[in-house]
Every structure is written in structure tokens, then in C-alpha cells.
Amino acid sequence: MVDIHCHILPAIDDGAKSWEISEKMCAIALADGITHVVATPHASSKYQYNREIFSGMLTELQKKTEGKLKFSLGCDFNLSYDNIENLFVKPNDFLIEGTRYLLIELSEFAIPPRFLDLLFRMRAELDIIPILTHPERNPILQAHPDYVLQWLDSCLVQVTANSLTGKWGRKAKDVAVWLLKKKAVHVIASDAHDLVHRPPLLSAAQKIAAGVVGAAAAFDLVQTHPLAIVQGRSIG
């Protein structure tokens with residue numbers, strides 16, 4: 001399996017707190033059947049995103065795991081004004097490396113004005129394919145999940161594994177299942193932050209998704225589609 005959303009780099013945001021925890025998260029991922037992880041530090045007003053530093057850290061993590069896991073570098077991109085301005089100047093600073101894919105995270109308090117226009121600009125002007133992360137956990141979208149359906153022509157959608165297993169609460173699970181039934185989910189990812197509460201696990205969520213959309217479609221959500229993303233290919 002391929003996990004495209006994981007806060008596995010140590011002591012840079014609210015993810016792994018140390019190198020030891022990062023290495024243990026890698027071990028958990030491997031044991032679960034994950035073979036490739038995209039490290040996605042936050043890029044926000046709270047957490048400064050430094051591509052060069054994080055790339056070096058990811059190389060060090062690769063050494064510590066003795067090449068057992070493949071890694072790519074991306075980010076968890078907050079749609080702040082400054083971030084958007086920087087994106088349109090230097091988009092490659094934020095994309096999943098070697099691809100045109102960008103993980104974007106909406107605020108819990110408001111949908112940006114003209115959000116659909118922004119998605120269109122990302123695709124038309126920058127040739128970026130946005131991936132909307134965990135809409136099922138967003139309070140606004142929990143109340144209005146149909147909004148997501150309006151954006152499907154302009155972005156992909158990623159739900160969190162722990163939402164499907166119920167660890168984010170009943171509402172998040174219900175919305176995640178609703179989106180699956182509407183064929184509005186392209187990827188399941190862990191959005192892992194630690195060893196206990198938010199570990200890098202996908203297999204349990206895959207099984208639950210298989211009960212909703214079938215085994216083949218669930219396999220696509222954790223393997224076929226995320227593998228295409230890290231390889232810079234289109235999702236069929």
C-alpha cells in the first residue's frame with residue numbers, strides 16, 4: 001500500500017516528536033503492508049515549511065530505515081493568503097516531489113471565497129492537480145458533504161483511514177462512507193501523527209471500504225491510485 005499523507009518527519013510540526021518515534025512509525029507502516037510513504041509536513045502560518053531542510057531529513061530517515069520503505073516529500077498545504085501567493089510563484093516547493101499533485105487542507109472555520117475558481121486556476125495556470133484532504137473531518141463539510149461533489153471535476157479527494165475505522169467519531173465515519181458511496185473518494189491515507197492515536201495504518205480502513213465499495217475499488221484507494229500519484233501518473 002502507499003500512504004500519501006503522513007506527518008512522519010520528527011519535531012517539525014504536530015507530527016512525530018522525535019527520530020525514535022519516526023522510526024517506530026516506519027516500523028508500524030511496514031508491518032501494516034505500507035511500502036511507500038509521502039512525508040507531508042504542514043505548510044501553514046503556524047508551521048514554516050522548508051523544502052531543503054525537510055528533504056535532507058527524509059534522506060536521513062531513509063538511511064535509518066535501511067531502504068525498507070520508499071519515501072517522497074510533499075506537504076499538507078494550508079490555503080492561507082501567503083501560501084497561495086507563494087504557490088503561484090514557486091509551485092514545485094509544495095508539490096509531491098516529481099509530480100503535479102498537491103495536498104490541500106481547508107480551514108475548519110470557512111471555505112475560501114471562490115474556492116472552485118482557485119482550484120481551476122491551480123489546474124489551468126500551474127498544471128497542478130489538487131488533492132483535498134480529509135473533507136469528512138471538516139465541520140463545514142460534515143454539514144454540507146454535497147459541496148465536495150461540486151468540486152470533483154477540479155480536485156481529487158482523500159479521506160483519513162481512522163475516519164473509516166471510527167476513531168474520528170461517528171460523524172466523520174458517516175460522511176466518509178457517504179462519500180465512498182457517491183464515488184467521491186480517490187485515496188485513503190493515514191494522516192499519521194504518532195504511534196497510538198494517529199498511527200500510519202491503512203489495512204483496517206481498506207477492509208471497511210471493501211464492505212462499502214467492494215474489494216477491487218478499496219484496493220485502488222490504498223494502492224492503485226496513490227501509487228499513480230507518487231509516480232506522477234493520472235488516475236484512470
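One can find the structure itself at the top, above this paragraph.
Criteria and thresholds
Residues numbered from 1 in each chain as written. Predicted model: local features only at pLDDT ≥ 70, side-chain atom pairs only at ≥ 80, totals over all residues. Heavy atoms only, no water. Helix = DSSP H or I, 4+ residues; strand = E, 2+ residues; numbered from the N terminus. Buried < 20%, exposed > 50% of the residue type's maximum accessible area, 1.4 Å probe, protein only. Contact = heavy atoms within 4.5 Å. Pairing = 2+ DSSP bridges. Axes fitted to C-alpha atoms, helices over the stretch in contact; angles between N-to-C directions. Polar contact = N/O pair within 3.5 Å; in protein donor to acceptor, adjacent residues only side chain to side chain. Expected span 1.5 Å × (residues − 1). Arc of directions from axis to C-beta.

Student: Sorry if this is basic, but what is going on with the overall build of the protein chain here?
Tutor: Looking only at helices and strands, one finds 10 helices and 9 strands in the protein chain. Overall, the C-alpha framework of the protein chain stretches about 45 × 45 × 30 Å when taken along its three principal axes. Counting only residues that meet the buried cut, the protein chain has 53% of its 236 residues in that class. Restricting the contact set of the protein chain to residue pairs at least 6 apart, pairs at least 24 apart contribute 74%.

Student: What is the right way to read the sheet that holds strand 2 (residues 36-39) from this model?
Tutor: Each strand in a sheet pairs with its neighbour through backbone hydrogen bonds, running either in the same direction (parallel) or in the opposite one (antiparallel). Taking strand neighbours across the sheet as the criterion, the 3 strands line up as 1-2-4 in an open arrangement whose pairing is parallel. The two strands at the open ends of the sheet, each matched to only one other strand, are strand 1 (2-6) and strand 4 (70-73). Pairs of neighbouring strands in the sheet enclose a mean axial angle of 20 degrees, with direction left out of account. Relative to strand 2, strand 1 runs parallel, the two being bridged by 3 bridges. When the sheet's bridge partners are listed, Asp3 is paired in strand 2 with Val37. Contacts from helix 2 (residues 51-64) reach strand 2 and strand 4 within the one sheet, and its direction differs from that of strand 4 by about 175 degrees. Docked against the sheet, helix 10 (residues 215-230) engages strand 1, strand 2 and strand 4, running at close to 65 degrees with respect to strand 1.

Student: Help me out: how do you make sense of the environment of Ser190 in this one?
Tutor: Following the sequence through the fold, Ser190 ends up in the loop between strand 9 (187-189) and helix 9 (203-213). Relative accessible area serves as the criterion here: at 3%, Ser190 is assigned to the buried category. Along the sequence, Ser190 and Ile128 sit 62 residues apart, while their C-alpha atoms lie 22 Å from each other. There is a polar contact of 3.4 Å between the side chain of Ser190 and the backbone oxygen of His5.

Student: Looking at this structure, I do not really get helix 1 (residues 19-32). What am I missing?
Tutor: Structurally, the α-helix is built with 3.6 residues per turn, so residues lying three or four positions apart point the same way. Between its terminal C-alpha atoms helix 1 stretches 20 Å, which fits the 20 Å expected from 14 residues at 1.5 Å a residue. When helix 1 is considered as a whole, its buried residues turn out to be Ser22, Met25, Cys26, Ala29 and Asp32. Buried residues along helix 1 cover an arc of 130 degrees about the axis, so they all sit on one side. Away from the buried face of helix 1 by more than 90 degrees, exposed residues Glu20 and Ala31 are located. Looking at the residues trailing helix 1, positive phi occurs at Gly33, about 100 degrees.

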